[in-house]
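A closer look at the structure
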Amino acid sequence: MIITLEHYFLWFLFYSFVGWMYESILVSCQQHRLVNRGFLNGPLCPIYGTGAILGVAILGNVHNPIIIFLISMVGATILEYTTSWVMEQLFHARWWDYSNFRFNLQGRVCLLGALIFGLGGVGVVLGSQPYVERVTDMIPLPMLHTLVTVLALITIIDLAVTVTGMLGFEQVLDSVAQVVQDVAARAGGTWQRGSSAVSDRMREFSQDTVERLRWAVNGVINAQQKRMLKSFPKFQVPDRQDIIDSLRELMGPRR
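Reading the values: the criteria
Residues numbered from 1 in each chain as written. Predicted model: local features only at pLDDT ≥ 70, side-chain atom pairs only at ≥ 80, totals over all residues. Heavy atoms only, no water. Helix = DSSP H or I, 4+ residues; strand = E, 2+ residues; numbered from the N terminus. Buried < 20%, exposed > 50% of the residue type's maximum accessible area, 1.4 Å probe, protein only. Contact = heavy atoms within 4.5 Å. Areas by Shrake-Rupley, 256 points an atom, 1.4 Å probe, with all protein chains shown as cover. Lys, Arg positive; Asp, Glu negative; His and termini not counted. Charge placed at Lys NZ, Arg CZ, Asp CG, Glu CD. Patch = residues over 30% accessible without salt bridge, like charges linked within 9 Å, V, L, I, M, F, W, Y side chains within 5 Å. Salt bridge = Lys/Arg side-chain N within 4 Å of Asp/Glu carboxyl O. UniProt positions renumbered as here; feature names shortened; annotations may be inferred. Expected span 1.5 Å × (residues − 1). Arc of directions from axis to C-beta. Polar contact = N/O pair within 3.5 Å; in protein donor to acceptor, adjacent residues only side chain to side chain. Core = buried A, V, L, I, M, F, W, Y, C linked by side-chain atoms within 4.5 Å. Axes fitted to C-alpha atoms, helices over the stretch in contact; angles between N-to-C directions. Parallel < 35°, antiparallel > 145°, perpendicular 65-115°, else oblique. Left-handed = near helix turned anticlockwise from the far one by under 90°. Nonpolar A, V, L, I, M, F, W, Y, C, P; charged D, E, K, R; others polar.

Here we look at the overall build of the protein chain
The helix and strand tally for the protein chain stands at nine helices and two strands. Tracing the protein chain from N to C terminus, the helices and strands come up as α-α-α-β-β-α-α-α-α-α-α. Taken along its principal axes, the extent of the C-alpha atoms in the protein chain is 70 × 45 × 30 Å. Here the protein chain holds 255 residues, and the buried ones make up 43% of them. Residue pairs in contact within the protein chain that sit at least 24 positions apart in sequence constitute 73% of those at least 6 positions apart. Of the roughly 13,900 Å² of accessible surface on the protein chain, a fraction of 67% belongs to carbon and sulfur atoms. Separation between the mean location of the 20 positive side-chain charges and that of the 19 negative ones in the protein chain comes to 6 Å.

Side note on a nonpolar patch on the surface
Together, Phe14, Phe17, Val18, Met21 and Ile25 make up a nonpolar patch on the protein surface, roughly 410 Å² of accessible area in all. Tracing the backbone through its elements, the reader meets phenylalanine 14 in helix α1 (residues 2-31). Judged by relative accessible area, phenylalanine 14 falls into the partly exposed class, the value being 37%.

Details of the environment of threonine 82
Tracing the chain through its elements places threonine 82 in helix α3 (residues 65-91). Residue classification places threonine 82 among the partly exposed residues on the basis of a relative accessible area of 39%. With 26 residues separating them along the chain, threonine 82 and arginine 108 place their C-alpha atoms 8.8 Å apart.

Concerning the UniProt feature "transmembrane region" (unreviewed entry) in the protein chain
Using the residue numbers shown here, the UniProt feature "transmembrane region" (unreviewed entry) corresponds to residues 6-27, 39-60, 66-87, 108-127 and 147-169. Structurally, residues 6-27 comprises 100% helix and 0% strand, and the distance from its first C-alpha atom to its last is 31 Å. This span, residues 39-60, is 64% helix and 0% strand, and a straight line between its end C-alpha atoms measures 28 Å.

A word on helix α2 (residues 46-59)
With 14 residues, α2 should reach 20 Å at 1.5 Å per residue; the first-to-last C-alpha distance of 19 Å fits that figure. Buried within α2 we find Tyr48, Gly49, Ala52, Ile53, Gly55, Val56 and Leu59. Viewed along the axis of α2, the buried residues span an arc of 165 degrees, placing them on a single side of the element. Where α2 is buried, its residues touch α1, α3 and α4 (111-137).

Observations regarding the side chain of serine 16
Along the chain, the position of serine 16 falls in helix α1. Take serine 16: its relative accessible area is 0%, and that puts it in the buried class.

Things to note about the environment of arginine 240
When you line up the elements, arginine 240 lands in the loop between α8 (223-231) and α9 (241-251). For the pair arginine 240 and alanine 93, spaced 147 residues apart in the sequence, the C-alpha separation amounts to 9.9 Å. Separated by 3.1 Å, the side chains of arginine 240 and aspartate 174 make a polar contact.

Some details on the nonpolar core
Within the largest apolar cluster, 42 residues are counted, with the highest numbers of intra-cluster contacts made by Trp95, Phe169, Leu229 and Phe235. Of all the elements in the fold, those that place two or more residues in this core are α1, α2, α3, α4, α6 (169-186), α7 (207-218), α8 and α9. Take this core: its biggest share by element is eight residues, from α6. Discounting residues that sit within four places of it in the chain, leucine 229 has contacts with Phe169, Ile221, Phe235, Ile244, Leu247, Arg248 and Met251. Counting seven residues, the second-largest nonpolar core is a separate cluster that includes Leu59, Phe69, Val122 and Val125.

Here we look at the packing of α1 against helix α5 (residues 141-166)
Packing of α1 against α5 leaves a shortest axis separation of 10 Å and a crossing angle of 50 degrees. With respect to their mutual orientation, α1 and α5 come out oblique. Judged by the sense of rotation from one axis to the other, the crossing of α1 with α5 is left-handed. Contacts between α1 and α5 involve Ile3, Glu6, His7, Phe9, Leu10 and Leu13 on the former and, on the latter, Leu141, Leu144, His145, Leu147, Val148, Leu151, Ala152 and Thr155. Among the residues making up the contact of α1 with α5, the classes are represented as ten nonpolar, three polar and one charged.

This is the structure we're talking about:
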């Protein structure tokens, strides 16, 4: 039983890594820059690993690709919607948004994504998983136990660092807004909550003022929060989107 669970954990990490590669390449091409696309700091997208493991556990003995496709499509859609809702409740933020896609549900899931995940389920269950199992079965038991222990500790630490870094992000945004207001006021300009982003006022500020804004904001927001804003272009916080837009501008290339 323990060995089976250890194998499942390694499979989870493998498919989380594959999902991270897929997301990072996709978003990097869209943003024209390298993006570490993942909630964790390490090269993992846990939602992909979770989906893959559920697919293997539930559909491992199914060989009909149509059935696998349909169940994977529905299951992955439910998983993605649930993950979006839970993360929004926990962090009071929206991490992705499919509102611009046709046939979406509250921007959390969309038909195109469901179809891709359905195909992915077929690829995992009928394509890659037999080979993945063969490789993990070749790992000697002492090495398996050590490998799983070390990787589990790293993953837990990464999760703890990520969650700790993102908690209270709303309060951090309020502090950023106050900093921007103070620096703008000292420079003879204005910026109020709910107004346009700093990017729309940059032309009114001198280069020195802009650099002071960058420096002041960097002293308020931590590295974890900066990475999330860069990794998730659709990251949204209700009632604070003006601050998010300002942060993105101030963290962008210097003019």
